[in-house]
Amino acid sequence: MKTLNEIYTASEMAIKQNFSPKNTSMGTPKINCEIEKNFNKLFIQLKQVFPAITALIKTQLDLDEFKNQWLLAFKENGITTLRQFEIGMKKARQQSTPFVPSPGQFISWCKEGEASDMGLPTVAQVMREFNKYSAEIGFSCQTAEQFPWSHPVMYWIVTDLRKHMRQYNQSEFEVEKRAEMLINKWAKKLSKGDVIPEIRVQLEDKKTCTGYGVFYSHSDEVNAMRERAREKAKRSIAENG
């Protein structure tokens, strides 16, 4: 039986020879050779950044199954280029834990970094803008077009989030998951050469929001809901600067 060092050495040698270990027990579907080649390079970096990976991989079978699961996750989520892997590893090197992340967490880092490279906001930034917009719409702002958006894409993302939240009575967690999905969707659009549409303000709505202001008449229930949203936005702004 090979030792752990021999297993890792064989894996690194396979990269130089453009060779990959055979898939074993679970019959994982064929993976694009380029993706697997890139993952071999990624695996060496993962081993260096997350030394506790040695507690998970003790045999050749462990190594093969580890690779199969990660490669399948990459294929299913569109992580196929070396650049995407590099973006994920940049985030990985910022972690303070020795434990290797799940494939899903690493994929999230790849997509978040890819969106950031294109100048798109993070989920946290979107949620802060979402809370602020929810607090002001109907008070100092009567339309979404009047709101002072921090980034052009925020208009399209936040108004979509608010529409779905109200239509499907979504929780904050569900709103955040949709925000992540929309950011990734815009990243793909921009990578294909699409542009963010301009926000066209109607002539009668040229006046923009300047802050928490005029109170308009609503039912007590709606007023209470919006007051809670305003307070939450204020706390978020104070906490995050």
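These numbers come from a predicted model, not from an experiment. (Residues numbered from 1 in each chain as written. Predicted model: local features only at pLDDT ≥ 70, side-chain atom pairs only at ≥ 80, totals over all residues. Heavy atoms only, no water.)

### Here's the deal with the confidence of the model for the protein chain
In step 1: Taken residue by residue, the protein chain gives an average pLDDT of 81. The fraction at 70 or more is 73%.
In step 2: Helix H7 (residues 152-168) holds the highest mean pLDDT among the elements of the protein chain, 97, whereas helix H1 (residues 4-16) holds the lowest, 57.
In step 3: Ignoring residues within four places in sequence, the model shows residues 18-29, a span with pLDDT below 50, making 24 contacts including any to other chains.
In step 4: Predicted confidence for residues 211-219 stays below pLDDT 50, and this span has 21 contacts to residues more than four positions away or in other chains. (pLDDT = per-residue confidence, 0-100. Helix = DSSP H or I, 4+ residues; strand = E, 2+ residues; numbered from the N terminus. Contact = heavy atoms within 4.5 Å.)

### Let's talk about unusual backbone geometry
In step 1: One non-glycine residue, Asn-169, lies in positive phi territory at about 50°.
In step 2: Structurally, Asn-169 can be placed in the loop between H7 and helix H8 (172-191).
In step 3: For Asn-169, a relative accessible area of 68% translates into the label exposed. (Buried < 20%, exposed > 50% of the residue type's maximum accessible area, 1.4 Å probe, protein only.)

### Examining the packing of aromatic side chains
In step 1: Taken as a whole and assessed by the stated rule, the structure comprises 16 aromatic pairs.
In step 2: Between Trp-70 and Phe-74 the ring centres are 5.9 Å apart and the planes differ by 80°, which places this aromatic pair in the edge-to-face class. Linking Trp-70 with Phe-74, this pair stays in helix H3 (residues 60-76), spanning four residues, or about one helical turn. Accessibility classification places Trp-70 together with Phe-74 in one group, the buried group.
In step 3: An aromatic cluster is built from Phe-39, Phe-43, Phe-66, Trp-70, Phe-74, Phe-85, Phe-106 and Trp-109, whose rings are joined through pairwise contacts.
In step 4: Lying over the aromatic face of Phe-43, Lys-67 brings its terminal NZ or CZ to 5.6 Å of the ring centre. (Phe/Tyr/Trp six-rings, centres within 6.5 Å; stacked < 30°, edge-to-face > 60°. Lys NZ or Arg CZ within 6 Å of the ring centre and 35° of its normal.)

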